[in-house]
Amino acid sequence: MTFPILASLILTPVAAALVVALVPNRRSELHLPLGITLSMIPLALAGWLFFAFEKGVAGYQYTQQAWWYEPWGMSWHVGVDGISLALVALTALLVPISLAASTSIVDRTKLFVVFMLILEAGLIGVFLALDMILFFLFFEVVLVPMYFIIGVWGGERRIYAAYKFFLYTALGSALMLAGIIALAFFHRDQAGLLSFDYQELLNLQLSDNAQLWLFGAFGLAFAIKVPIFPLHTWLPDAHVEAPTAGSVMLAGVLLKLGTYGFIRFNLGLFPQATVDLVPVMATLAVIGILYGAYVAIVQPDLKKLVAYSSVSHLGFIVLGTFALTQAAVEGAVIQMVNHGITTGVLFLMVGMIYERRHTKKIADFGGIWQVAPWFSGVFLFTAFASIGLPGLNGFVGEFMVLMGSYSTLPVAAILGAFGVVLAAIYLLWAYERVFTGPITIEENREVADLNVRELSLLAPLVALMLVLGLYPNIVLDRVSPSVEAVLDRMEATTTYVVPEPGPLFDVLGGGQGE
Amino acid sequence: MTDFIWLVLALPAAGAVFLHFFGKRLGEPAAGWVASLLVSAAFVYAVLAAVPFFQGTAHPESVVLWSWMPAIGAEFAIRWDPLSSLMTLVVTGVGALIHFYAIGYMHGDPRFSRFFTYMNLFATGMLTLVLADNFAMLFLGWEAVGLCSYLLISFWFTKPSAAAAGKKAFIVNRIGDFGFMIALMIILTQFGTLSFDVLDDPHLGLTTGLATAVGLLMLVGAAGKSAQIPLYVWLPDAMEGPTPVSALIHAATMVTAGVYLVARNAAIYEMAPIAATTVATVGALTALWAATIAIAQKDIKAVLAYSTVSQLGYMFIGVGSTAYVAGMFHFMTHAFFKALLFLGAGSVIHAMSDEQNMDKMGGLAKHMPVTATTMGIATLAIAGVPPLAGFWSKDEILGSAFNQGGWMVVLWGIGLLTAGITAFYMTRQFVMVFLGKPRWDDGIHPHESPKTMTVPLMALAALTVGGGFLNTPFRTGLERYLEPSFETVEGAIGMAHPAEGSTAWILAGVAVLAGLLGIYLAYRLYAGPEERRERVLQRFARPIFTWENAYWVDRFYGKTIVLPGKAVAGWAAFKFDLGFIDGIVNGVAGVVKRFGATVRPLQTGFVRNYGVMLAAGSVGLLIWFLSRGGL
Amino acid sequence: MEVTAGWYMSLAALLFIIGAGGMLIRRNALMMFMSIELMLNSVNLTFVAAGKELGSLDGQLAVFFVLVVAAAEVVVGLAIIVSVFQHRSSASADELSDLRG
Amino acid sequence: MSEFFPIIAQIDSTAFNISYLAIAPELILAAGAALILMIDVFYKPRSAVHAGLVFSTLILATASAILQYDRVQDGATTHFSGMIVADEFAVFGMFILLAVTALGLLVAWPMVEELGRRGSETVALVLLSAAGFMFMVSGAHLMMIFLGLEIGSISLYILAGITRDSIRSDEAALKYFLLGSFASAIFVYGVALAYAGTGALSLSGIAEQLPATAVVLRPGVVLAAIALIITGLLFKVTAAPFHAWAPDVYQGSPAGIVGYMATAAKVAGFGALVRILYVSFGSFSDDWGPALAAVAAVSIVLGTVMAIMQTDMRRLLAYSGVAHAGFIITGIVGGNLQAVWFYLAVYVIQLIAAFAVVSVMAGPTGSVSPLEDYKGLGRRSPYLAGALTVMLLALSGMPATSGFIGKLGVFTSAWSGGYEWLVITALVASVAGFFFYIRIMVLMYMEEPVLAEAPGAEVAKPVVSPNVEVALAIAIAITLFFGIYPTPLLNFLG
């Protein structure tokens, strides 16, 4: 038997949480360093997995299956494909970094670290699960630590935000559970026994009508998670109130549960409904892109601005997902990773400046560049990555999404492209007000520049922005076959035809990778 | 040589990275020298690599570096052909000169090394733009220079106006990019790749309609980057940046990217005459529009900024009338003389202790002979006085336009008028700055600039004088040089050429006359007696006032787009989002609570009532069961 | 007219309803409790009548169990009522409404 | 039916068959209760002695239950002229009741010690009621079930008012008593009608008289009987609209014993309900299915909404219990009894543990438990708060706790039974349910304790007795273990 790498990825954070929990409260100074150190283990595992992952293969790798309870058709079934691989790696990367950024959390550190590690386990589990119940389990489990992280260590309206986050997302997943149960019974009707196994369920023959209903049940859960307009209002509240690490994990990974779910489950299980609902989803995605960006412009709070920008960026992912072309879906996947990195850094930096000034109001700043050039520089770099400056990571996903969407959703792609303009407006305007100009508020003179710790925890992410911007193939190579498989299935099970790339596609090795 | 052409890119890139981390330690002026020498090295390498093109022995080549986004056929690949090499040579050549100049100009700035980091980064971006072998990489360079433009315009970020100008430049450019991106979407969808290979035979994927769409959308992008109507408003503001920046980015190189884009896509514009004509028309209108504004500007750099807009319009006339070579030629000569003008202006500003108002200058020629001479040459060049560079290129554009006939003749007329106005305002500027009596503020002691600044001035002056001979009607060097790049185009319909024979002479004569007339009028007015000037200006007070304020276009945009936009965004964010959408969300919770509050009183605490509930439930069950067939 | 088991059962049902009504209407805890006793007795009547009708002894036997249970309830119930009375000097069940909502 | 529900015996053995093993657990518990009462008569009560007695009683009862489990593997049998049935169903009920009793007494022990002589009465009553409730799950005869119901209920009435010096406790006892008797009367009238309609009192005897297809003897009477019997049992399990007593009684009763009161009656009530419905009235499932589904929906919605409005912990748990009763009924109408048992088993553990925390917070004999008391508990007593959090999450059906598997089970059950609408209603309501569960977590972790006296006064840290600690530890272990790996329990119940 080979080393159960995926199980280890899920369980090591849990084990780490237990270890941290065992350290007594009077040694509270140990909790955070210990947590950071232990979270390196899943990071190392994820790194190993990332590079050991066999490129060019569409199916699931490192799968592991064991009955959980056979009569009910539940099993422990995990596996990794290109799409989940990217997100697992992102999760494993962001956790140590957000932990390291949490030195300002001094109250009940142990609990915090434990929750972060459980959160990590849940998130990794979501991406690896190939059994619907297992998936649902992780999908829901994630809520609890996040809820506590927002509610206990958050800002002023943290309790309201925590409630809203929890109930809103739980509402979505409740209907998804109904959908999951229904699927299992469809399987019973067609194959004779209950099964929650994703790969088994892929073989179901679902009527168009059933697909639509199930798409709705799953889609609502994911749409809330993404969030897709008009289900987004929990997000700004949750982000603004969450502590830095919470925001980073929330924007970096949690939102991707929704988009991942769309690609994995809605596209995979309900292809006909997907094809039928493309106009709806694309419309909502475009509204999200433009609306999120537009509303972000006038936000008075830096964190809220970044939160609304997430609505916009996630809109691109949804658009790409439902464009149903190779380039667009690939773009959507890599945009998930990229948004995680850039928005993660933006939140980290908002957190850092909050620690210095205890305010996130844009109006309270001005001229920070003078006193904190490194800080301003890194922020600007990240802002441009987020805006989608080519050469940085944010561009790759959005560009691929837009370019790939045009052939199937021309209007949406054109409108979506305008989101790129708005992104420049809201971020640069905010940047102007916060970092440039003269210092008008005396407290801002005291703002310290990045220290070594902060710089070193930002550095890997900043480096990744550049690397993924210039050489996204690290990820795309691994993602591409899985995306192809999704679209092939779509073509095989519906009348949908993925548009042929133009006549020159194969010239110069286009589409070949490497 | 071609295999290692990426070195041209890598050298300034390395400089940017190196200076970013070690620039501060290197200090002044070493950081500047490093940056300048790296760009120079890139220039030298580019010259060597371009030798085969001079000899006419080589064909365009692509060098693939690494794969970028395979799914959309985008890779890091360099196209080395005459067109890109010409751009490269100008960018690195003029760029190097401006780098050297900046060593002197930026002297004493606390962020000296950072300035050169950005400059090198800009060079990298610009070279990426021109060397790209596909639209994605071109877009990368396109945006990268936008970034550098942003960084360098707001280099003195403590000045709110500088920060705002940088932002404005980037955002307006982005609006242009919006069009550009849509053009790319169409190309990708039609061809399956973004490689420039599509230009070999655009008929493969494009119909005339689509080609027109692509052409017009690219024009939107080009209008943003090259400051054409209606997106030119960022360029005058961009003068907030240090003067070398204005010279390099906002005169010589970056702003010509739009021209380059049109030239590069010549094959598509060949298919879409409507798009091409639109390009030319936009260029002509911009040329005239900006020239009139330039007449009334008081800021020395503002004159040059509007002049740049105007000259870019010229280039658009050129490439739009399918006179690609003429357009590129004017790009080149303009790079020489406009860079020279800006650097000269910088030298003046430097000498005047950062005074930019021409009303407070005058009589500087005595104190700054080198600057005055070189700027004088440039002024004559832009005014189209033969045999300076500006004359040849401008003449070629106008000639080509005229030769096209039809609507283009109208554009030729506009161009001619603009030529006269150009000569007028440039002479006005020269007179106001260098001639007449000093009108300086107290305590200003103008002096000639240091060698690092004057040597580039002289070098550029030399280019301004001689650059025009690269492509004269008598000896079409540039045209032959660029031929391989426009092979396919020529094969199809053929590029526009200036008229030949006597027409050419007449056209040239008319253009020169217009220029001389402008010079004469301006000289009469500004070097002449003050009363006459006052009288004349009084008569034209009203138009001049609007010109001075650039037709209030900024205010117009502010009132019609920015302000309503912000208001609606505010409404959306606070009324609609927080009030309505979130209101519904919270309302759902409220409904549950209200329901709870309604049923809660049922729990009265009285046993009787509980008994009633119990009995009622029981009766309910009874009724149900009995209704199932009992009674 | 012969009095059949049906009559007895109907009477029992009536008694049951009266008992239940008493339970729901009366406020005195004792009276409520007595209403319940009435209900139990109607049950007994039903058992007896049905047993007679069916000719089985189960019904008659059941009555004994119900009686015993009723007695046990009386014991406990009275104790509780007494305890309440001691604290509140009232046996009105309506006074016992501290716990509500 | 039987291949669907193998765990319920369908045998009607008229053979005169006496096996004391079949009622050994009940006998042992009753004997233990008697012994404790006796000892009190002759000796000064010492809680150590009681503890020993209780411990040995429970051990013996468990051992006999295990023996019985072993025996029923060979097939179900009836004993005492068909009054008692020994089948897996009964044994599961016994196991759960024994677990509830053990945990309940563990939690109640501080109260037992505080009450002195009445403490030993408490213990005796608990054991006695447990015996009664066991008869409810192992009774194969309506009279037997009625007796078990009464034995258990009357003991609980007394337990509700056992402190005698609290007016709230009295109120709780009286309410419980009056309404309980009322419900019992309704139940037994239903029994009488069933007898009148079918001429039989044994469960299988009734079934034999009611062929699924033929028109029944006196359909109206039997249908009315079903309605009334269901009413009586739904009262016990606090399903709406028969639930009204529960909040008041839980709130007023002595804190130490509420957990037991709430859980034991539910186990027995559901046990009896399921057995009666499936064994006797299985052929009427088209009739009672929708009715119960409606009751489930009302219970879930009303319980959830009312729980949201509560400001007292115990009332909140009571209303949540109403909702949970609805969930369990959801499973019952679907017909998957394994899921129902699983749900019941894990739910009662969660509930008893939650009430254990309540008993610590309110004091062993205290009545009422305002939610305010829980403010800042996360700081004051991380263990209690953590335990309560786990329980609340489990009650809310959060995955990775046994509550989720339970809900999954009953939902799949209802879905397969064709009650999709009920599943969706239940799911949506359970989201609303999250609100009140997490509200308690908000109080515990996200708000600061209320300072009772002058500023600066330290908030008292709740004193947790070792018993409670152990009980909580067991409950946490069970809840999490069966949440992550439910297979053993499911296999056991399957």
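Residues numbered from 1 in each chain as written. Chains lettered and ligands numbered in written order. Predicted model: local features only at pLDDT ≥ 70, side-chain atom pairs only at ≥ 80, totals over all residues. Heavy atoms only, no water.

## Looking at the packing of helix α6 (residues 167–198) of chain D against helix α9 (residues 245–252) of chain D
Residue and element names in this part refer to chain D.
- At a minimum axis distance of 8 Å, the contact between α6 and α9 shows a crossing angle of 145°. By crossing handedness, the relation of α6 to α9 is classed as left-handed. For the pair α6 and α9, the contacting residues are Arg 168, Ser 169, Ala 172, Lys 175, Tyr 176 and Leu 179 in the first and Trp 245, Asp 248, Val 249 and Gly 252 in the second.
- Residues that form the contact of α6 with α9 fall into these classes: five nonpolar, two polar and three charged. (Axes fitted to C-alpha atoms, helices over the stretch in contact; angles between N-to-C directions. Helix = DSSP H or I, 4+ residues; strand = E, 2+ residues; numbered from the N terminus. Left-handed = near helix turned anticlockwise from the far one by under 90°. Contact = heavy atoms within 4.5 Å. Nonpolar A, V, L, I, M, F, W, Y, C, P; charged D, E, K, R; others polar.)

## Section: a negative patch on the surface
- There is a patch of like negative charges on the surface, built from Glu 484, Asp 488, Glu 491 and Glu 500 of chain A.
- As for its position among the elements, Glu 491 of chain A is in helix α20 (residues 473–493). (Patch = residues over 30% accessible without salt bridge, like charges linked within 9 Å, V, L, I, M, F, W, Y side chains within 5 Å. Areas by Shrake-Rupley, 256 points an atom, 1.4 Å probe, with all protein chains shown as cover. Salt bridge = Lys/Arg side-chain N within 4 Å of Asp/Glu carboxyl O. Lys, Arg positive; Asp, Glu negative; His and termini not counted. Charge placed at Lys NZ, Arg CZ, Asp CG, Glu CD.)

## A few points about the interface of chain D and chain A
- The interface is formed by 37 residues belonging to chain D together with 33 residues belonging to chain A.
- If you sort the residues of chain D by the area they bury against chain A, Trp 415, Tyr 445 and Met 446 of chain D come out on top, with a joint share of 19%.
- For the salt bridge of Arg 379 of chain D with Asp 107 of chain A, the shortest nitrogen-to-oxygen distance reads 2.8 Å.
- Taken together, the connections running from chain D to chain A amount to seven residue pairs in polar contact (both at pLDDT 80 or more).
- Mapped onto the side of chain D that touches chain A, the elements with two or more residues apiece are α13 (337–362), α15 (382–396), α16 (402–416), α17 (420–446), α18 (466–484) and α19 (487–493) of chain D.
- Examining the composition of the side of chain D that touches chain A, we find that twelve residues originate from one element, α17 of chain D, more than from any other.
- For the side of chain D that touches chain A, a count of residues per class yields 25 nonpolar, nine polar and three charged. (Buried area = accessible area lost by both parts, 1.4 Å probe. Polar contact = N/O pair within 3.5 Å; in protein donor to acceptor, adjacent residues only side chain to side chain.)

## Quick notes on empty space enclosed by the protein
- Summed over all chains, the structure comprises ten cavities of 30 Å³ or more.
- Taken as a whole, the largest cavity encloses approximately 120 Å³ of empty space.
- Surrounding the largest cavity, 16 residues form its lining, Glu 140 and Leu 177 of chain A together with Gly 397, Leu 427 and Ser 430 of chain D being those nearest its centre.
- Broken down by secondary-structure element, the contributors of at least two residues to the lining of the largest cavity are α5 (132–141) and α7 (158–191) of chain A together with α16 and α17 of chain D.
- Among the residues making up the lining of the largest cavity, the classes are represented as ten nonpolar, four polar and two charged. (1 Å grid on protein atoms, 1.4 Å probe; cavity = no way out; pocket = protein on both sides within 12 Å on 5 of 7 lines; lining within 4 Å. Points joined across faces, edges and corners; volume = space filled by probe spheres on them.)

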